Amino acid sequence: MKGPNPVTAVIVGAGHRAMIYASYARLHPDKLRIAGVVEPDDERRQLAAELYGLEPASCFRSAEEAAARPRMADAIINGTMDRQHIATTIPFLEAGYHVLLEKPIGVSMEEIIRLQECARRCSRIVMICHVLRYAPFYTAVRQALKDGEIGEIVNVQTAEHVSYHHMAVSFIRGKWANEAECGSPMLMQKCCHDLDLISWLNGDTFPQQVSSLGGLVYFRSERAPAGAGTRCLKDCAIEHACMFSAAKHYLLQNWWGFYVWPNEHLGSAMSQEEKHRLLKEESPYGRCVWHCGNDVVDRQSVLIGFANGSTATHNMVGATTRPCRTLHIIGTEGEIQGVMEDGRFLIRRPSFRTASGYTEREVVLNVSGDHHGGGDLLLVQDFVRVLQGEAPSISCTALEQSIYGHAIGFAAESSRKTGTVEKLPF
């Protein structure tokens, strides 16, 4: 393990997520140093190299090429697309690298087990980017549960409300709209965070059975409003009034520009005129949300039974007005309830001394401006500390502790498609 010197890492896939994790090196150069980049896109690779002052000899087009060279760093930060995770991680494990791996771990349990076996064989550390464990909101909830604030867990209820603009950019127009292309259903791409939280918050017990309902109901061509065209800026008669207008989302508001505009997350810029042209003529992000050929769900509910007798539910609702994650945990001696984005939760305990029948205490946390409640860089901080030989935090996302939420997700998808209750092998 490393001593006080900075941990060194190679970026594998210089997309938005990997570059967020790598940015820890710019904020804390005494803790983390970027030593190389693997990226097939020439412009993206060059921009990442310039950002971190990398020489051409430290820049590679493929994971195989980089892993075949003498080891140049302690670890990799793997932010490739879902289908590429296992194939781009195993060569680096075998070459002696530790790994910080973006979620979902893989696109099947068989893949994940193969990765786990490789990590054990190579005696390497793999941590998964379940960043919500590190959000102060969820860390504080986990500590409260560990301290016995509400007794034994009886039921966990979580929900993720995916905003209309996030739904449109990622799961209708974007890279995760079609399961066959990206490799992951929406539940795994968007909600493996939430399924992981359910398992992690429930302590040492294991999930045993799962059932699920849901589907793609609203964002289908037959549901298109009268006057809708195929592209917002080309042939749509209702664009001016549509809440899913590409012009409103990506030109007026510049929401999710790091997905929509090539390499914007690395400082590349283009004129408004060029952006308008791309949305009108070429960009997939300029398409009508009812004519995108997407096939992932826009709503799904999951029911989970655990070995300790507790139950849990998760509801994913797409295209909501406000994005948020809600949590309600009921125990034998009280309950915890809150919304991550609000940065606070309530701990209630029964009391015969009050008129209401319970006492209530509010826990207030600092909420960061990132998309994961402040968890992104706290995850990287923990990864660096573990590689330097320090004890992992309560939030640690070690591979062997992160597989249960994925098992729930894969079982839920099987249940949704077959109408059966799925048994888990734990």
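Residues numbered from 1 in each chain as written. Predicted model: local features only at pLDDT ≥ 70, side-chain atom pairs only at ≥ 80, totals over all residues. Heavy atoms only, no water.

**Some details on the packing of helix 6 (residues 109–122) against helix 15 (residues 403–418)**
Part 1 of the argument: Axis separation between helix 6 and helix 15 bottoms out at 10 Å; the angle between their running directions is 160 degrees. As far as their axial angle goes, helix 15 and helix 6 are roughly antiparallel. Like other packed secondary-structure pairs, helix 6 and helix 15 cross with a definite hand, here left-handed. Where helix 6 abuts helix 15, its residues Met109, Ile112 and Gln116 lie against Ile403, His406, Ala407 and Phe410.
Part 2 of the argument: Among the residues forming the contact of helix 6 with helix 15, the class breakdown is five nonpolar, two polar and no charged. (Axes fitted to C-alpha atoms, helices over the stretch in contact; angles between N-to-C directions. Helix = DSSP H or I, 4+ residues; strand = E, 2+ residues; numbered from the N terminus. Parallel < 35°, antiparallel > 145°, perpendicular 65-115°, else oblique. Left-handed = near helix turned anticlockwise from the far one by under 90°. Contact = heavy atoms within 4.5 Å. Nonpolar A, V, L, I, M, F, W, Y, C, P; charged D, E, K, R; others polar.)

**A closer look at the pattern of salt bridges**
Part 1 of the argument: One pass over the structure, following the stated rule, counts 26 salt bridges.
Part 2 of the argument: Between Arg121 and Glu94 there is a salt bridge whose closest N-O contact spans 3.4 Å. You can see Arg121 sitting in helix 6 and its partner Glu94 sitting in helix 5 (residues 85–94), a full 27 residues away along the chain. Considered together, Arg121 and Glu94 belong to a single accessibility category, that of exposed residues.
Part 3 of the argument: Each of Glu160, Lys190, Asp194 and Arg325 takes part in one network of salt bridges that share partners. (Salt bridge = Lys/Arg side-chain N within 4 Å of Asp/Glu carboxyl O. Buried < 20%, exposed > 50% of the residue type's maximum accessible area, 1.4 Å probe, protein only.)

**Focus: helix 13 (residues 272–281)**
Part 1 of the argument: Of the residues making up helix 13, those classed as buried are Lys275, Leu278 and Leu279. The buried residues of helix 13 occupy an angular sector of 95 degrees when the element is viewed end-on, so they sit on one face.
Part 2 of the argument: The secondary structure elements touched by the buried residues of helix 13 are helix 11 (246–252). (Arc of directions from axis to C-beta.)

**Observations concerning the packing of aromatic side chains**
Part 1 of the argument: Applying the stated criterion across every chain, the model contains 18 aromatic pairs.
Part 2 of the argument: A centroid spacing of 6.3 Å and a plane angle of 80 degrees characterise the contact between Tyr164 and Phe244, whose relative ring orientation is edge-to-face. With a gap of 80 residues between them, Tyr164 in helix 8 (residues 164–172) and Phe244 in the loop between strand 8 (207–215) and helix 11 connect regions that are remote in the sequence.
Part 3 of the argument: When its relative accessible area of 18% is taken as the criterion, Tyr164 is described as buried.
Part 4 of the argument: By relative accessible area, Phe244 is classed as buried at 3%.
Part 5 of the argument: One aromatic cluster is present, built from ring pairs that chain together Tyr164, Tyr218, Phe219, Phe244, Trp255 and Trp290. (Phe/Tyr/Trp six-rings, centres within 6.5 Å; stacked < 30°, edge-to-face > 60°.)

**Some remarks on the sheet that holds strand 6 (residues 126–128)**
Part 1 of the argument: Here we have six strands laid out as an open sheet, ordered 3-2-1-4-5-6, and parallel in their pairing. Here the strands that pair on one side only, and so sit at the sheet edges, are strand 3 (59–60) and strand 6.
Part 2 of the argument: Where strand 2 (residues 32–38) lies against strand 3, two bridges are found, and the strand directions are parallel. When the bridges of strand 3 are listed, Val38 appears paired with Phe60.
Part 3 of the argument: Sheet contacts for helix 14 (residues 376–387): strand 1 (7–12), strand 2, strand 4 (75–78), strand 5 (98–101) and strand 6; angle to strand 5, the most-contacted strand, approximately 170 degrees. (Pairing = 2+ DSSP bridges.)

**Some words on empty space enclosed by the protein**
Part 1 of the argument: Inspection of the entire model under this criterion finds three cavities of 30 Å³ or more.
Part 2 of the argument: Taken as a whole, the largest cavity encloses approximately 60 Å³ of empty space.
Part 3 of the argument: In this structure, the largest cavity is lined by Arg173, Ala228, Cys232, Cys236, Ile238, Glu239, Cys242, Phe244, Cys288, Val289 and Trp290.
Part 4 of the argument: Per-class residue counts for the lining of the largest cavity are nine nonpolar, no polar and two charged. (1 Å grid on protein atoms, 1.4 Å probe; cavity = no way out; pocket = protein on both sides within 12 Å on 5 of 7 lines; lining within 4 Å. Points joined across faces, edges and corners; volume = space filled by probe spheres on them.)

**Points about helix 5**
Part 1 of the argument: The element helix 5 is largely enclosed, with a buried count of seven among its ten residues.
Part 2 of the argument: Within helix 5 the residues assigned to the buried category are His85, Ile86, Thr88, Thr89, Ile90, Phe92 and Leu93.
Part 3 of the argument: Positive backbone phi, at 100 degrees, marks Gly96, one or two positions downstream of helix 5.

**Examining the nonpolar core**
Part 1 of the argument: Residues Tyr138, Val141, Tyr250, Ile329 and Ile336 are the most contacted members of the largest nonpolar core, which totals 67 residues.
Part 2 of the argument: Looking at which element gives the most residues to this core, the answer is helix 10 (residues 186–201), with eight residues.
Part 3 of the argument: Among all residues touching Ile329, those that are not within four sequence positions of it are Val141, Leu145, Ile150, Ile153, Asn155, Val156, Leu201, Gly334, Glu335 and Ile336.
Part 4 of the argument: Ile11, Ala14, Ile125 and Cys396 belong to the second largest nonpolar core, which has 36 residues in total. (Core = buried A, V, L, I, M, F, W, Y, C linked by side-chain atoms within 4.5 Å.)

**Considerations on the pairing of strand 7 (residues 153–163)**
Part 1 of the argument: The element strand 7 is extensively covered by neighbouring structure, given that eight of its eleven residues are classed as buried.
Part 2 of the argument: Where strand 7 lies against strand 11 (residues 324–331), eight bridges are found, and the strand directions are antiparallel. Within strand 11, the position partnered with His161 by the bridge is Cys324.
Part 3 of the argument: With nine bridges joining them, strand 7 and strand 10 (residues 311–320) adopt parallel strand pairing. Note on strand 10: the bridge partner recorded for Ser163 is Thr320.

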